[in-house]
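Below are the chains, spelled out letter by letter.
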Amino acid sequence: MSLATTCANTKDSLTNDLHVLLSKWKNEQGVDTYYDIPLRSPYKEQVVTAELNRFGGGMGAYIDAFVNDIPDLPYINATPFTFMNQDEFKYIGTMCPKTNTFDHFWRMVWHKNTRVVVNLTNEDDRIGSERGDKRERYWPPYSNAPNQKEIEKWPLAIETVATSAAEGMQGLFLYDVKVTHKSTGEERLIKLYWYSAWEDFGDSTAIYDTSFRQNAMNVLRLANEVNAAQQLLTTCATAPNSNTASTDPSASTSSTTASTATTASTASTTSTTSTTSTTSDSWLIVHCSAGVGRTGTFITLLRTLHQLHSINTIQELGQEVVKTIVHLRKHRLWMVKTDGEFATIFNCFLHYFAKQEKGEEIPKLKFTSVLEQNRESNSGVGGDTTAYKGVAFK
């Protein structure tokens, strides 16, 4: 799906109106209207499990709205999102995997025929699987490697085959990850984008300052890149092999004894969000730490960019943004968690319309191959808290 365009007069008007709006929010040091958006707080029962969720277990998915069709996996903290237009992307919002869910994550990637993953965790987020930890590297080389015997039991083999850094955009890396189904030998290449410079819980008083505007431009450029990659890779992607990934949702509810699994199995039969795979499905996976704030912001931005053909005023833009946020929140808690994230969406659109007004395109990203090095320790809690942070150009 290509990004929509608007007429010249609309671009001029929207650019000016967005500048006025963001300046107002900057002067007020916050966005009061953000707090009027419905469903900001959790409003229905969640799956609570400290083992399979982050932050002590309380940030779980709603029991009627998680990905429930992965064979032999009754629960994963991941929520599918679809929209009325069948041509639109299908999204999954999820938490950053914990060490004990690395395997679950890659099985979801395989089963949902995913070819593009967007990681929005910050490089300075604390590493690990404990209550206060926010991220881990779940692709090789792992930041907190699972037991080798456990890895050998995984149905999929995971290999990082290339690493690149974006030129002129600090903190954006692209990893080519090869996923191989051990039973069949089928291989798939996954594009994993990690934008590691987006700060979680940005200060509302920083709205529309220099670093805020730069981050918004970075997020817009990433959305443009991801949009193109999702279109290209899903067009070329083969459908899931029926011998390697069952599309029968009932296959996932047969083999656990934990109480959480029981809850998840019950929920899978009452889900209000369809997750059944078809041969043409390829789901775009987006995550941050909990999979709500930055994740919801990015999905809202990309989805609204696809709707610009029907938007002519700032009021219509605001209505579309809010409508998308409410749709996401009906299925996953806290989506777009702060007023700063809400303002980021509008700052992205200011950059977008300003470029169109000048007859310019969003700057395309160029990636250069790098070598990963400098395994550094991190002051996280518990376990092996090392992380690969440094890179060196070849």
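Residues numbered from 1 in each chain as written. Predicted model: local features only at pLDDT ≥ 70, side-chain atom pairs only at ≥ 80, totals over all residues. Heavy atoms only, no water.

(A) Structural detail: the overall build of the chain. Looking only at helices and strands, one finds eight helices and nine strands in the chain. Residues counted as buried form 57% of the 394 residues belonging to the chain. Looking at the chain alone, contacts between residues at least 24 apart form 72% of all its contacts between residues at least 6 apart. Accessible surface, the chain as shown: approximately 16,000 Å² in total, 49% of it carbon and sulfur. (Helix = DSSP H or I, 4+ residues; strand = E, 2+ residues; numbered from the N terminus. Buried < 20%, exposed > 50% of the residue type's maximum accessible area, 1.4 Å probe, protein only. Contact = heavy atoms within 4.5 Å. Areas by Shrake-Rupley, 256 points an atom, 1.4 Å probe, with all protein chains shown as cover.)

(B) Examining the packing of helix H6 (residues 293-305) against helix H7 (residues 314-329) more closely. Viewed as axis vectors pointing N to C, H6 and H7 meet at an angle of 130°, and their least axial separation amounts to 10 Å. With respect to H7, the element H6 is oriented oblique. As for how H6 packs across H7, the hand of that crossing is right-handed. Mapping the contact onto sequence places Gly 296, Ile 299, Thr 300, Arg 303 and Thr 304 in H6 and Leu 317, Glu 320, Val 321, Lys 323, Thr 324, Ile 325 and Leu 328 in H7. Per-class residue counts for the contact of H6 with H7 are five nonpolar, four polar and three charged. (Axes fitted to C-alpha atoms, helices over the stretch in contact; angles between N-to-C directions. Parallel < 35°, antiparallel > 145°, perpendicular 65-115°, else oblique. Left-handed = near helix turned anticlockwise from the far one by under 90°. Nonpolar A, V, L, I, M, F, W, Y, C, P; charged D, E, K, R; others polar.)

(C) Molecular detail of the pattern of salt bridges. One pass over the full model with this rule turns up 18 salt bridges. Residue Arg 54 pairs with Glu 136 through a salt bridge whose shortest N-O separation is 3.2 Å. Of the two residues, Arg 54 is situated in the loop between helix H1 (8-28) and strand S1 (78-81) and Glu 136 in the loop between strand S3 (116-119) and helix H3 (148-153); the sequence distance between them amounts to 82 residues. Each member of the pair, Arg 54 as well as Glu 136, is classed as buried. Within this structure, Glu 88, Arg 303, Glu 320 and Lys 323 form a network of salt bridges that share partners. (Salt bridge = Lys/Arg side-chain N within 4 Å of Asp/Glu carboxyl O.)

(D) Geometry of the confidence of the model for the chain. The share of residues in the chain with pLDDT of 70 or more is 80%, and the mean pLDDT across the chain is 85. Every residue in residues 238-279 scores below 50 in pLDDT, and together they form 83 contacts with partners more than four places removed in sequence or on other chains. Here residues 374-394 is a poorly scored stretch, pLDDT under 50, and it has 60 contacts once near neighbours within four places are set aside; other chains count. (pLDDT = per-residue confidence, 0-100.)

(E) Focus on the packing of H7 against helix H8 (residues 339-357). In the contact formed by H7 and H8, the axes pass within 12 Å of each other and the chain directions differ by 135°. Between H7 and H8, the angle is such that the two are oblique. Every pair of crossing elements has a handedness; the one defined by H7 and H8 is right-handed. Along its contact with H7, which presents Leu 317, Gly 318, Val 321, Val 322 and Ile 325, the element H8 presents Phe 342, Ile 345, Phe 346, Phe 349 and Phe 353.

(F) Inspection of the environment of Trp 25 at higher detail. For Trp 25, the position within the fold is in helix H1. Trp 25 sits in the buried class, given a relative accessible area of 5%. Apart from residues lying up to four places away in sequence, Trp 25 is in contact with Gly 30, Val 31, Thr 33, Ile 207, Phe 342, Ala 343 and Phe 346.

(G) Structural context of the environment of Phe 342. Its place among the elements puts Phe 342 in helix H8. On the accessibility criterion, Phe 342 (4% relative accessible area) is buried. Expressed as a C-alpha distance, the spacing of Phe 342 and Val 321, which sit 21 residues apart in the sequence, is 9.0 Å. In contact with Phe 342, not counting residues within four places along its chain, are Trp 25, Val 31, Thr 33, Tyr 34, Ile 37, Val 321, Val 322, Ile 325 and Val 336.

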